[in-house]
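In case you want the letters, here they are:
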Amino acid sequence: MSFIYLVSIIFISAFFTGISHQPIGFGWLAWFSLIPIIFIINKINSIKEFILFGYLWGLVYYVTIIFWLASNNGTTQFIGIISLIIAVCFCSLNFILIFLFSRLIKKLFTNKWYFLFPFVWVVVEYIRNQDILSGGAWTSLANTQLDYLILAQNVEFTGIYGISFWIVLINVLLYNWLLNPFSKNILFY
C-alpha cells in the first residue's frame, strides 16, 4: 500500500474520532472510527511505521480535541498557539505506545491479535490519565458518549475505562466482521 493512502486513512480515523468529542459531539462516530487503526496496524510491520503512524494519529486526534487551547483568553494569541503545539506534540506520544504495544501483541498472536486491542487501548488510557500533563481524563474515548445518557450512566459501574473498552471492542468486532462478513461465528472465525 502506498504511504499516502495509509496517511489518509490515519488522518480520517483520527479526525473522525476527534470530532466525536465535545463540543461537536458526533459521539456515534467513535463506534467505528477506530476500524482504520486496526487495518493500518494489521498492514504495517516495521517499528518505524508503528512509531510514525501512531504519532501521526495522535497529532490529528489531539489537534481536533484541544484546538481551543490556541484561543485561551488568559494569554496572547501567539502563546496560545505555542501552547497548543507543545501540548499536541507531547500528548501524541501516548498513541505511539498504543501502536507499539499492538505491534508486540501482533507478533505474539498473529492471527487474531486485534481482539486484545481494547485491552491495550484501555491500559494506555489509564496510564495516560494518571498524569494531567499527558492528556488528562477529558481526552478519554469515553467522553465521546456524553450525549447518550443511558450509556454515560454506565460509568457508575465501569468507570470511563469500561466505556472506552466497549467502544474499542465494537470497533474490533466490526473490523472482524468486515474481514469475514458471512461467517457463522463472528467472534472467532
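This is a predicted model, so every value here is computed, not measured. (Residues numbered from 1 in each chain as written. Predicted model: local features only at pLDDT ≥ 70, side-chain atom pairs only at ≥ 80, totals over all residues. Heavy atoms only, no water.)

**Q** Sorry, what's going on with empty space enclosed by the protein here?
**A** Unfilled space is identified by rolling a water-sized probe across the atoms. Enumeration over the complete set of coordinates arrives at one cavity of 30 Å³ or more. Each pocket or cavity is described by its volume, and for the largest cavity that value is around 30 Å³. Surrounding the largest cavity, Gly18, Ile19, His21, Gln22, Pro23, Ile24, Thr64, Ile65 and Phe67 form its lining. When contributions to the lining of the largest cavity are tallied by element, the ones reaching two or more residues are helix H1 (3–19) and helix H3 (47–65). A breakdown of the residues in the lining of the largest cavity according to their chemical character gives five nonpolar, four polar and no charged. (1 Å grid on protein atoms, 1.4 Å probe; cavity = no way out; pocket = protein on both sides within 12 Å on 5 of 7 lines; lining within 4 Å. Points joined across faces, edges and corners; volume = space filled by probe spheres on them. Helix = DSSP H or I, 4+ residues; strand = E, 2+ residues; numbered from the N terminus. Nonpolar A, V, L, I, M, F, W, Y, C, P; charged D, E, K, R; others polar.)

**Q** Can you walk me through the nonpolar core in this structure?
**A** Most often, soluble globular proteins have nonpolar side chains that are buried together. Grouped together as the largest cluster of nonpolar side chains are 45 residues, with contacts concentrated most on Ile37, Trp57, Ile66, Phe99, Phe117 and Trp121. Looking at this core, the elements that each hand over two or more residues are H1, helix H2 (35–43), H3, helix H4 (77–91), helix H5 (93–108), helix H6 (117–128) and helix H8 (155–179). Per element, the largest residue contribution to this core is seven residues, and it comes from H3. With sequence-adjacent residues up to four places away left out, Ile37 is seen in contact with Ser13, Trp57, Phe99, Phe117 and Trp121. (Core = buried A, V, L, I, M, F, W, Y, C linked by side-chain atoms within 4.5 Å. Buried < 20%, exposed > 50% of the residue type's maximum accessible area, 1.4 Å probe, protein only. Contact = heavy atoms within 4.5 Å.)

**Q** I tried to follow the pattern of salt bridges on my own but got confused; where do I start?
**A** A side chain of one charge can pair with a side chain of the opposite charge if their charged atoms are brought near each other. If you walk through the whole model with that rule in mind, you get one salt bridge. Between Glu125 and Arg128 there is a salt bridge, with its nearest N and O atoms 3.9 Å apart. A residue pair is termed a helical-turn pair when its members lie 3 or 4 positions apart in one helix, as Glu125 and Arg128 do in helix H6 at three residues. Each member of the pair, Glu125 together with Arg128, is buried. (Salt bridge = Lys/Arg side-chain N within 4 Å of Asp/Glu carboxyl O.)

**Q** Explanation requested: the side chain of Glu125 in the structure shown.
**A** Classification of Glu125 as buried rests on a relative accessible area of 1%. For Glu125, the residues in contact, after removing those within four places along its chain, are Ser140, Leu141, Ile160, Tyr161 and Ser164.

**Q** How do you make sense of the state of the cysteines when you look at a structure like this?
**A** Should the sulfur atoms of two cysteines be covalently bonded, the bond is a disulfide. Here the structure, examined in full by the defined rule, presents zero disulfides. In this model Cys89 remains outside any disulfide bridge; the closest cysteine sulfur is found in Cys91, 9.6 Å from its own. (Disulfide = S-S within 2.5 Å.)

**Q** Any chance you could explain the packing of aromatic side chains here in plain terms?
**A** Ring pairs (aromatic) are described by centroid distance and by the angle formed between their planes. Evaluated as defined, the whole model comprises 19 aromatic pairs. Summarising the aromatic geometry, the rings of Tyr61 and Tyr62 are spaced 5.3 Å apart at their centres and angled 70° between planes, so their arrangement reads as edge-to-face. Under the relative-accessibility criterion, Tyr61 is labelled buried at 1%. Where Tyr114 meets Tyr175, the ring centres are 5.0 Å apart and the plane angle is 80°; that geometry is what we call edge-to-face. Of the two residues, Tyr114 sits in the loop between H5 and H6 while Tyr175 sits in helix H8, which places them 61 residues apart along the sequence. The residues Tyr114 and Tyr175 share a single accessibility class, namely buried. By way of ring pairs, the aromatic residues Trp57, Tyr61, Tyr62, Phe95, Trp113, Tyr114, Phe115, Phe117, Trp121 and Tyr175 are connected into one cluster. (Phe/Tyr/Trp six-rings, centres within 6.5 Å; stacked < 30°, edge-to-face > 60°.)

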